[in-house]
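The lines below spell out each chain.
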Amino acid sequence: MAKIILLVLGLLLAYWILKTYRRRVGRGDARPPAGAGEDMVKCARCGVHLPRSESLTTRGHFYCSPEHQREHRAG
Ligand SMILES: [Zn+2]
């Protein structure tokens, strides 16, 4: 009986180690969730706020879309 309990505990431990290891590997290359901890920037044309990763940047200005990027550069 004790052998079976040890076997089950061993399997659970192996499963737990595998799960923890996989989660750690997955976290390494996973993108941070949108909005959480990400910088918010403001469109220089219309003033809308959006995550930095979704914005377009030209000479320190941020834009929400290629149209606004073009319009703001044109004047
Ligand atoms: Zn805009």
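Preceding this paragraph is the structure being described.
Computed from a predicted structure; not experimentally measured.

Reading the values: rules and limits
Residues numbered from 1 in each chain as written. Predicted model: local features only at pLDDT ≥ 70, side-chain atom pairs only at ≥ 80, totals over all residues. Helix = DSSP H or I, 4+ residues; strand = E, 2+ residues; numbered from the N terminus. Buried ≥ 20, exposed ≤ 12 C-beta atoms within 10 Å, placed from the backbone. Contact = placed C-beta atoms within 7 Å.

Visitor: Before we go on, may I ask you to explain the overall build of the chain in this structure?
Guide: Regarding its fold elements, the chain presents two helices and four strands. Within the chain, the proportion of its 75 residues that are buried is 9%.

Visitor: Would you take a moment to explain unusual backbone geometry for this structure?
Guide: If a residue is not glycine, its phi is most likely negative; likewise, a peptide bond is most likely trans. Positive phi, normally seen in glycine, also occurs at arginine 59, with a value near 45 degrees. Along the chain, the position of arginine 59 falls in the loop between strand E3 (56-58) and strand E4 (61-63). The exposed category is assigned to arginine 59, around which 6 C-beta atoms lie within 10 Å.

Visitor: What is the right way to read the environment of arginine 52 from this model?
Guide: Along the polypeptide, arginine 52 turns up in the loop between strand E2 (49-51) and E3. When the 11 C-beta atoms within 10 Å are taken as the criterion, arginine 52 is described as exposed. Each C-alpha atom, one on arginine 52 and one on glutamate 38, is 7.1 Å from the other, the two residues being 14 residues apart in sequence. Leave out the neighbours within four places in its chain, and arginine 52 touches Glu38, Asp39 and Val41.

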